[in-house]
Amino acid sequence: MKGTITQGTRSQQSVFLRHSQSNQCPQQGTDCEGPKTCRAVECRAESPQATPPTTQGIISSLKKYKSNRDVETAILRLGCKGRTDEALQLYYAVCLLDGLKQQCRRMKQQRSAEKAVAAKESATVDIDNNIEVQLDDDIVTYISESKLRPTTRLMNSAINACAQSEPFACQSTAFDIFSSATHTLGLTPNVFTFGSLLLCCARIGDVSTSLEILHNLEEGEKYPDVAPNEVIYSTVISSCERSPLPNVDLALEVLNRSLSFSLAAGNSVNEVKNEKKTSFKTSSTIGVTVFNTAMSTMARAEQWKMAVQLLGEMMGDDTIRPPLLHVDAVIPKPDETTFRTVVAACERACQWEELLQVAKAANEYGVRLNETSLTSALHSCQQLGLADEAIRYLEL
């Protein structure tokens, strides 16, 4: 027996109507200056030509996937390849399939409630609109039995695909997905959700939205089960770096906030443990990545002195006043990326002697410089006429 099923609700289909191709800026061709000027409100992606897929199209695109994990992997793979539209269409297909499942269940309930149902050629379910299609039994069976469904992981995969979009992130589409998934589908966001949203913001240098998300996570009222971690803070600082004018002071403020929050979270965990409770929210220790991102912001802003000072504080130099770090927390040790970033900052500012001091410090600290940093050191030797020193770097 065949079934007549509506092709999704208006709210589900509107997602398609709001989504345009991810590699085009809806403001370009007018007054848009590129990705850095696009914001969530200003750059609302809408495409009047976009049309929702047919039910047969949804089934056809999903039949080869046996589990949600297969769909998540496919979305991530497509996103990494820059095929954002295809990745999002796959996500939307699963969401619409979930709507069709609900219609199938209601259709069965309707048939059971009407006990006087005779054998008919079709049955009708009209939920939000009157878009109906005739489906074969095997398609109805697939809809009813499919294990694919919207999940937080699937939402995260779609948002990540928006963040990976080229030439710039589809920020507005990412927030549309987040809003629809959390409010309409009832999905619960986690730290990976916000990491992907912040990556969208960082890609276009949207500092204000990044700080708003960070504030909500630190406050803990709106999302009490999500604690900002190293990735969250690092990505917020990356927004500061990629803003039209790199904001070093704000990057340093976020760095100190990360240390304060980590310290406070650690104290809270200890208090909870002392009370012999087993369930508590915690935040991972702030690692060197956050510091490296802050240094990268300093390098881009040509604040080489600040980068050198931060490196010194990471290496335990507490004689520098005033200090950049205002929190008495555990500071991670600098790694190869740390030294490379400071070397690049010094080279950009033509601070040859300071560059060689940083290279020497890396060697004494037991960190091996990569080829790029060694080339910078050789360039400094050339500028200063230090032939013997250059030979020593050649031998490393």
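Anyway, here's the lowdown on the structure attached to this text. Counting from 1, residues in each chain are numbered in the order their sequence is written. Whole-chain, interface and lining totals are the exception, using all residues; otherwise, since this is a predicted model, local features are given only for residues with pLDDT of at least 70 and side-chain atom pairs are given and counted only at 80 or more. Neither water nor hydrogens contribute to the side-chain values; these are computed over all heavy atoms in the structure.

A short note on the overall build of the chain
- Counting from the N terminus, the helices are the DSSP runs of H or I reaching at least four residues and the strands are the DSSP runs of E reaching at least two. Along the chain, the regular secondary structure elements total 17 helices and 3 strands.
- Burial analysis of the chain (396 residues in total) assigns 50% to the buried set.
- Note on contacts: a residue pair is in contact if any heavy atoms of the two residues lie within 4.5 Å. At a minimum sequence separation of 6, the contacts of the chain that also span at least 24 residues come to 76%.
- Accessible surface is estimated by sampling points in the Shrake-Rupley manner with a 1.4 Å probe; for residues, cover comes only from the protein chains shown. When the accessible surface of the chain is summed, it comes to about 20,100 Å², and 49% of that surface belongs to carbon and sulfur atoms. Burial classes follow relative accessibility: with a 1.4 Å probe on protein chains only, a residue under 20% of its type's maximum area counts as buried, one over 50% as exposed, and anything between as partly exposed.

Considerations on the nonpolar core
- Core analysis: the largest hydrophobic core is formed by 102 residues, its most contacted members being Leu62, Tyr91, Ile177, Phe194, Leu255 and Leu310.
- Here the element with the most residues in this core is helix α4 (residues 84–113); it accounts for 13 residues.
- Other than its neighbours up to four places away in sequence, Leu310 contacts Leu255, Phe291, Ala294, Met295, Met298, Leu324 and Leu325. The criterion is simple. A nonpolar core is a set of buried Ala, Val, Leu, Ile, Met, Phe, Trp, Tyr and Cys residues joined through side-chain atoms within 4.5 Å.

Quick look at unusual backbone geometry
- Following Glu166, the chain continues to Pro167 via a peptide bond in cis, the omega torsion being 5°.
- Tracing the sequence through the fold places Pro167 in the loop between α6 (152–163) and α7 (171–184).
- The backbone of Glu302 shows a phi angle near 65°, a positive value even though the residue is not glycine.
- The backbone phi angle of Cys350 is positive, close to 60°, even though this residue is not glycine.
- Structurally, Cys350 can be placed in the loop between α14 (336–348) and α15 (352–365).
- When its relative accessible area of 45% is taken as the criterion, Cys350 is described as partly exposed.

Let's talk about the environment of Ser239
- Here Ser239 shows up in helix α10 (residues 230–242).
- Excluding its chain neighbours within four sequence positions, the residues that come into contact with Ser239 are Leu198, Cys201, Ala202, Gly205, Asp206, Val207 and Ser210.
- Polar contact criterion, stated in full: a pair of N or O atoms within 3.5 Å, where within protein one must be able to donate a hydrogen and the other to accept it, and residues adjacent in sequence count only if both atoms are side-chain atoms. Reaching out from Ser239, the side chain makes a polar contact with the backbone nitrogen of Ala202 at a distance of 3.4 Å.
- A polar atom in the side chain of Ser239 sits 2.8 Å from the side chain of Ser210.

Considering α15
- In a regular helix each residue adds 1.5 Å, so 14 residues correspond to 20 Å; α15 covers 20 Å between its end C-alpha atoms and thus fits that length.
- For α15, the set of buried residues is Trp352, Leu355, Leu356, Val358, Ala359, Ala361 and Ala362.
- Those residues of α15 that are buried are in contact with α13 (304–314), α14, α16 (371–384) and α17 (387–394).
- One or two positions beyond α15, positive phi appears at Gly366, with a value near 85°. A helix is expected to span 1.5 Å multiplied by its residue count minus one.

Concerning the pattern of salt bridges
- Criterion for a salt bridge: a side-chain nitrogen of Lys or Arg within 4 Å of a carboxyl oxygen of Asp or Glu. Summed over all chains, the structure comprises 8 salt bridges.
- Among the ionic pairs, Arg153 bridges to Glu72, the shortest N-O distance being 3.0 Å. Within this pair, whereas Arg153 is found in helix α6, its partner Glu72 is found in helix α3 (residues 68–80), the two being separated by 81 residues in sequence.
- Judged by its relative accessible area of 5%, Glu72 falls in the buried class.
- Close ionic contact of Glu86 with Arg83 constitutes a salt bridge, the shortest N to O distance being 2.8 Å.
- Several salt bridges share partner residues, and in doing so they unite Arg69, Glu72 and Arg153 into one network.

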